[in-house]
Amino acid sequence: MQASTSMPLSPAPRLRIFASMMYESILLFGVVFVTNYLVTSFIQSTDPMHLLGVQQAALFIVIGLYFLICWVRIGQTLPMKTWHIGLVDKNGGKPGITQLILRYGAAWVIPLIGAWLIHQLAVYKGWNSINILIIFVPFLHFVYSWLDPKGIFLHDRLASTRLVDLKPKNA
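Q: Would you mind going over the nonpolar core in detail, with residue names and values included?
A: Grouped together as the largest cluster of nonpolar side chains are 17 residues, with contacts concentrated most on Ile17, Phe67, Trp71, Met80, Ile85, Leu87 and Leu163. Counting residues per element, the ones that place at least two in this core are α1 (14–42), α2 (52–74), β1 (85–89) and α4 (97–106). Sorting elements by how many residues they give to this core places α2 first, with 6 residues. Setting aside chain neighbours within four positions, we find Met80 in contact with Ser20, Trp71, Gly75, Ile85, Gly86, Leu87 and Leu163.

Here it is as structure tokens:
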């Protein structure tokens, strides 16, 4: 991450954050696919529900490692680098590992609550097809950011981090 410490860092534009999230979801599809393949191959069971907890734990850990390794090394994932977005602490410096772990864990709060609410609505209505709305749950972070006074995500607020614009001013 090539952030200049002499100039104040401005917040990353929401449109680029959204584009980065879309790109990130494509990369995570591969991570999830490979992780699930390895888990189901390693623990061979004829009952798919038997593996559900193991798969979910493995995915949580592997996705977390993906983000933590990227954030610790250069303060960006590949999509963040592509869209010129950096992750910094509230002072514009490199976030500590505790902050990054907190950010990753806190990023799950809103999507899990949203997924639970959608599931409850599906059960209440008796229409399981409504569960398809769960694909929109990650975008609930944007809803919170519009309500936040500084326009940041809840997980960034809780971890004292922020996403900043690293796009060169002459580009």
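Q: So what about the pattern of salt bridges? Which residues, and what values?
A: Considering all chains together, one arrives at 3 salt bridges under this definition. Two residues, Asp165 and Arg16, come together in a salt bridge whose shortest N-O distance is 2.7 Å. Taken together, the residues span a long stretch of sequence, with Asp165 in strand β2 (residues 161–165) and Arg16 in helix α1 at a distance of 149 residues. Look at Asp165 and you get buried, because its relative accessible area is 14%. A residue is classified by how much of its surface remains accessible, and Arg16, at 13% relative accessible area, is buried.

Q: How would you explain the environment of Gly92 if you had to name every residue and give the values?
A: Along the polypeptide, Gly92 turns up in the loop between β1 and α4. The partly exposed category is assigned to Gly92, whose relative accessible area is 23%. Spatially, the C-alpha atoms of Gly92 and Ala58 are 32 Å apart, while their sequence positions differ by 34 residues.

Q: Kindly report on the pairing of β1, identifying the contributing residues and their values.
A: In terms of residue burial, β1 counts as a mostly covered element, since 5 of its 5 residues are buried. Because side chains alternate across β1, one face comprises the buried residues Ile85, Leu87 and Asp89, and the other comprises Gly86 and Val88, equally buried. Where β1 meets β2, 5 bridges bridge the pair, whose relative direction is antiparallel. The residue of β2 that forms the bridge with Val88 is Arg162.

Definitions and limits used
Residues numbered from 1 in each chain as written. Predicted model: local features only at pLDDT ≥ 70, side-chain atom pairs only at ≥ 80, totals over all residues. Heavy atoms only, no water. Core = buried A, V, L, I, M, F, W, Y, C linked by side-chain atoms within 4.5 Å. Buried < 20%, exposed > 50% of the residue type's maximum accessible area, 1.4 Å probe, protein only. Helix = DSSP H or I, 4+ residues; strand = E, 2+ residues; numbered from the N terminus. Contact = heavy atoms within 4.5 Å. Salt bridge = Lys/Arg side-chain N within 4 Å of Asp/Glu carboxyl O. Pairing = 2+ DSSP bridges.

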